[in-house]
Amino acid sequence: MSDVAKAAGVSRATVSYALRGDPRIAAATAEKIRQAAQKLHYNANISARSLRSGRSGIIGVAIYELDRPYPSEMSAAMSREIARRGYQPIVQQTSGSKDDEIMILQKVTSQLCDGMIFSPGQVSDEELRALSHGKPMVLLDDISPDPVFDSVNTACEDGSAAAVRHLIDIGCKHVVVVGPSYDMLLDDKMASSVVGRRMTGCLRAFEEAGVDVDASNFLPLEHWDPIPAREAAYRLLDSDDYRDADGVFCMTDTIAISFMRGLADRGVRVPDDIALVGFDGVTESEYAVPSLTTVRTDLDDLARRTLDLLIDRINANVGGAGIDATGGTGDNAGDGLAFPDAPQRLTAAWELVKRESTRR
């Protein structure tokens, strides 16, 4: 900065104000400073600026998979909303790895970001609390019974109930849910997971319709990937347990589109022979043949709700008192980083989009 000031014939303070766009600096002076900075390849030191202001202007987003349609589209929605609020996003993939989650929290969140949007997988609540170092964080589809951070969830239970109910309403007599196993809810930890909550919604819809549920209503997948989903269609058609299945609800759109391909491989028509519903509302679902009926999460609403919560926390944290990462209180708690209120849980808007795959 001293070099730029010398080249432009102004003070260091004037350089600082001009490069931050301060309107008090005359336009001609500001342009002279920008040209000097460009010629000298000067860039502001973000870390130093952050130390002075308490802000970096960066929000981190950590998502489990970026090479799948739904998390990719969700990350894009988050990035758009972050930029609209005047921040810069850093998007990273955790790959469902605990080591990657910890590394991101240690080296990105605590070092670079004003706040973090995090899709937890392997890291516990206590680890999240410690690794955040008091920085604000909003979790996506948090499964904690006693939440530590704000969270925004998808309508797992209500959405899945609507999907199964729709299949029953159009006349399906044997509905099969592809993804979870019949006995997965016996595991308390799985019962509170995303798939567990979606399964709970399915069971609710079956109960409301008076359907006696057994293992033949669930076709488990060991891995929720396209190839196993396609092969699951073969298993359904080859097994006596599912031979009369006429309606299928897949736990994600990726599973549903792959499953539909497997049905086509065997000459089974959707929806004439088997009606099909997915969950997520990814772009591909609209352009599949036939187009896929799906429970669509409003990703723009999800992003808005998430950023509303996070930016409120960021604004409250700068110079505020509150609860630190170990639960202490006081003016210096959490190095001045505050959690002023109890964690909030919100649910993103959603809708059942009826398309050709259930049109009978």
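Preceding this paragraph is the structure being described.
No experiment lies behind these values; they were computed from the predicted model shown.

A. Fine view of the packing of aromatic side chains. Counted under the stated rule, the structure contains two aromatic pairs. Judged by centre distance (6.0 Å) and plane angle (35°), the ring pair of Tyr182 and Phe218 falls under tilted. Placement of Tyr182 in the loop between strand E6 (175–179) and helix H9 (188–191) and of Phe218 in strand E7 (residues 218–220) is noted, with a sequence separation of 36 residues between them. Judged by relative accessible area, Tyr182 falls into the partly exposed class, the value being 41%. Taken together, a centroid distance of 6.4 Å and an interplanar angle of 80° make the contact between Phe206 and Phe218 edge-to-face. Taken together, the positions of Phe206 in helix H10 (residues 194–208) and Phe218 in strand E7 put the pair twelve residues apart, joining distant regions of the chain. Judged on exposure class, the residue Phe206 and its partner Phe218 are both buried. Taken together, the ring pairs in this structure connect Tyr182, Phe206 and Phe218 into an aromatic cluster. Across from the ring centre of Tyr17, 5.2 Å away, lies the NZ or CZ of Arg24, which sits over that ring.

B. Geometry of the sheet that holds strand E11 (residues 345–347). Pairing within the open sheet is parallel, and its six strands lie in the order E2-E1-E3-E4-E5-E11. Strand pairing shows two members of the sheet lacking a second neighbour, strand E2 (88–93) and E11, which therefore form its edges. Ignoring which end each strand starts from, the neighbouring axes of this sheet average 20° apart. In the packing of helix H5 (residues 69–84) onto the sheet, contacts are made with strand E1 (58–63), E2, strand E3 (115–118) and strand E4 (137–140), and the angle to E1 comes to roughly 170°.

C. Fine view of the side chain of Thr252. As for its placement among the helices and strands, Thr252 is situated in the loop between strand E8 (247–250) and helix H12 (253–265). If we skip the residues at most four places from it in the chain, Thr252 touches Arg198, Trp224, Gly278, Phe279 and Asp280.

D. Spatial organisation of unusual backbone geometry. Cis peptide bonds are those with omega within 30 degrees of zero, and the linkage from Val270 to Pro271 qualifies with 10°. Relative to the helices and strands, Pro271 resides in the loop between H12 and strand E9 (275–280). Residue Pro290 follows Val289 across a cis peptide bond; omega there is -5°. Structurally, the position occupied by Pro290 is in the loop between helix H13 (283–287) and strand E10 (293–297). Backbone geometry at His41 places phi at a positive 55°, although glycine is not the residue there. Its place among the elements puts His41 in the loop between helix H3 (27–39) and helix H4 (46–53). On the accessibility criterion, His41 (68% relative accessible area) is exposed.

E. The arrangement of the packing of helix H8 (residues 156–169) against H10 in detail. Orientation of H8 relative to H10, taken along the N-to-C sense of each, is 40°, at an axis distance of 7 Å. As the angle between them shows, H8 and H10 are arranged oblique. In terms of crossing hand, the pair formed by H8 and H10 is right-handed. Of H10, the residues touching H8 (which contributes Cys156, Glu157, Asp158, Ser160, Ala161, Val164, Arg165 and Ile168) are Val194, Arg197, Arg198, Thr200, Gly201, Cys202, Arg204, Ala205, Phe206 and Glu208.

F. Summary view of the environment of Tyr17. Looking at the secondary structure, you find Tyr17 in helix H2 (residues 12–19). Sequence separation between Tyr17 and Ala30 is 13 residues; the distance between their C-alpha atoms is 8.8 Å. Those residues in contact with Tyr17 that sit more than four places away from it in its chain are Asp22, Arg24 and Ile25.

G. Highlighting the sheet that holds E7. The strand order across the open sheet formed by six strands is E7-E6-E8-E9-E10-E12, and the pairing between neighbours is mixed. Lying at the two open borders of the sheet, with one neighbouring strand each, are E7 and strand E12 (350–353). Taken over all neighbouring pairs, the strand axes of this sheet differ in orientation by 15° on average, direction set aside. In this structure, E10 lies alongside E12, joined through four bridges in antiparallel fashion. Paired with Thr297 across the two strands is Trp350, which belongs to E12. Running over the sheet, H8 touches E6, E8, E9, E10 and E12 and is turned about 170° from E9. Against the sheet, helix H11 (residues 226–238) touches E6, E7 and E8, its axis set at about 135° to E7.

Here is what the cut-offs are and how they apply
- All residue numbers refer to position in the chain's written sequence, counted from 1.
- Local features in this predicted model are restricted to residues whose pLDDT is 70 or higher, and side-chain atom pairs enter the listing and the counts only when it is 80 or higher, whereas totals over whole chains, interfaces and linings include all residues.
- Excluding hydrogens and water, the side-chain figures rest on all heavy atoms present in the structure.
- The rule is short: rings of Phe, Tyr and Trp, with Trp giving its six-membered ring, pair when the centres are within 6.5 Å, and they are stacked under 30 degrees, edge-to-face over 60, tilted in between.
- Secondary structure elements follow DSSP: runs of H or I of four or more residues count as helices, runs of E of two or more count as strands, with numbering from the N terminus.
- Note on exposure labels: buried denotes an accessible area under 20% of the residue type's maximum, exposed denotes more than 50%, and partly exposed covers the range between, all computed with a 1.4 Å probe on protein chains only.
- For a lysine, the NZ atom is tested; for an arginine, the CZ atom; a charge sits over a ring if that atom is within 6 Å of the ring centre and within 35 degrees of the ring normal.
- In this scheme, strands are said to pair when DSSP sees at least two bridges between them.
- Under this scheme, a helix contributes an axis fitted over its contacting stretch, all axes are lines through C-alpha atoms, and angles between N-to-C directions fall in the 0 to 180 degree range.
- In what follows, a contact means two residues having at least one pair of non-hydrogen atoms within 4.5 Å.
- An angle counts as roughly parallel when it lies under 35 degrees, as roughly antiparallel when it exceeds 145, as roughly perpendicular when it falls between 65 and 115, and as oblique in every other case.
- Left-handed describes a crossing whose near helix is turned anticlockwise from the far helix by less than a right angle; the clockwise case is right-handed.

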